[in-house]
Amino acid sequence: MAMTLACRDVGVDCPHVSRGETEEELMADVAKHGKEVHGYTEEQLKDPEMMKKVKAAIKTE
Ligand SMILES: [Zn+2]
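Calculation notes
Residues numbered from 1 in each chain as written. Predicted model: local features only at pLDDT ≥ 70, side-chain atom pairs only at ≥ 80, totals over all residues. Helix = DSSP H or I, 4+ residues; strand = E, 2+ residues; numbered from the N terminus. Buried ≥ 20, exposed ≤ 12 C-beta atoms within 10 Å, placed from the backbone. Pairing = 2+ DSSP bridges.

The protein chain carries the name DUF1059 domain-containing protein in an unreviewed UniProt entry, which gives marine sediment metagenome as its organism.

And the structure:
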């Protein structure tokens, strides 16, 4: 079972889909991608509103 998060589902116009076997793994990939590609800072990624948005968009396959 894998967990995925599509950038599009959090309102970002980007075809990337992050994946992980666990929420921890997924969030690590999301953070890495968010920083490298979208230029988010650690603070922006840890913002409670952002976390809420991200967690609501996680899909389990
Ligand atoms: Zn993206």
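Trainee: How do you make sense of the environment of I58 when you look at a structure like this?
Mentor: Here I58 shows up in the loop between α3 (48–57) and β3 (59–60). With 18 C-beta atoms packed within 10 Å, I58 lands in the partly exposed category. The spacing of I58 and T4 is 54 residues in sequence and 5.8 Å in space, taken between C-alpha atoms.

Trainee: How should the pairing of strand β1 (residues 3–6) be read in this particular structure?
Mentor: For β1 and strand β2 (residues 17–20), the ladder comprises four bridges, and the chain directions are antiparallel. Looking at β2, one finds that L5 is bridged to S18. Where β1 and β3 come together, two bridges link them in antiparallel fashion. Bridge pairing links T4 to K59 in β3.

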